[in-house]
Amino acid sequence: MRYQLKDMPLSTALLVLVTLFVLAGSVHHVAYTFSTLEGGNLYWGYVQALGIDLGILGLAYGIQLRKRQGRSTAPLWSVLILVTFISAYANYLYGIMHQQPLETATAFDHAVVFLRPFLLSVTLPIIMFALIEIIGEDRNYALKMQSQQETSARASEPAIETVAQPEPEPVLAVARVA
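Computed from a predicted model, the values in this text were never measured in an experiment.

With respect to the helices and strands, Ser-35 occurs in helix H1 (residues 10-35). The exposure class of Ser-35 is buried, given its relative accessible area of 4%. With 13 residues separating them along the chain, Ser-35 and Gln-48 place their C-alpha atoms 8.8 Å apart. For Ser-35, the contacting residues outside a window of four places in its chain are Gly-40, Asn-41, Leu-42 and Gly-45.

A separate point is the side chain of Thr-73. Mapping Thr-73 onto the fold places it in the loop between helix H2 (42-69) and helix H3 (74-97). On the basis of relative accessible area, Thr-73 is assigned to the buried category, the value being 17%. The residues touching Thr-73, leaving out its near neighbours within four places in the chain, are Ile-63, Arg-66 and Lys-67.

Thresholds applied
Residues numbered from 1 in each chain as written. Predicted model: local features only at pLDDT ≥ 70, side-chain atom pairs only at ≥ 80, totals over all residues. Heavy atoms only, no water. Helix = DSSP H or I, 4+ residues; strand = E, 2+ residues; numbered from the N terminus. Buried < 20%, exposed > 50% of the residue type's maximum accessible area, 1.4 Å probe, protein only. Contact = heavy atoms within 4.5 Å.

As structure tokens, then:
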């Protein structure tokens, strides 16, 4: 049986919801940044941003599938690192394009302001990927537990004995030639 949304524990459902919010924020940042390459056309910015950030979702899901199948995940990881880097870079550019000068009195305040675009923007794709991995691992665990329950249920069922019928002996016809 396929893993369905109604079977999802509340904690996993909340993680999915949080992931969608993080995805929406990251897509907006990446779309704005890509639109600067398209002469301000936000439509094309969103097309490219959805390609990048949904690519992170797809690659993370592919990694989970390959883990379950016992296949190599290295090719997907290499592409995922590249796509996450592009998303993080676009998020960072969005952050520094909108950075406003803030009054800083101490060196610590200056460091906090300097790190603001990185901490607030670049972390979105990283958080999104981490949440997807957690959700995938929860799903893997649920499928494993379901499989173990089905196996134990089959093992506890009494075996039905069938009486083996002897196979009939072949009938040989003998013909006499006159």
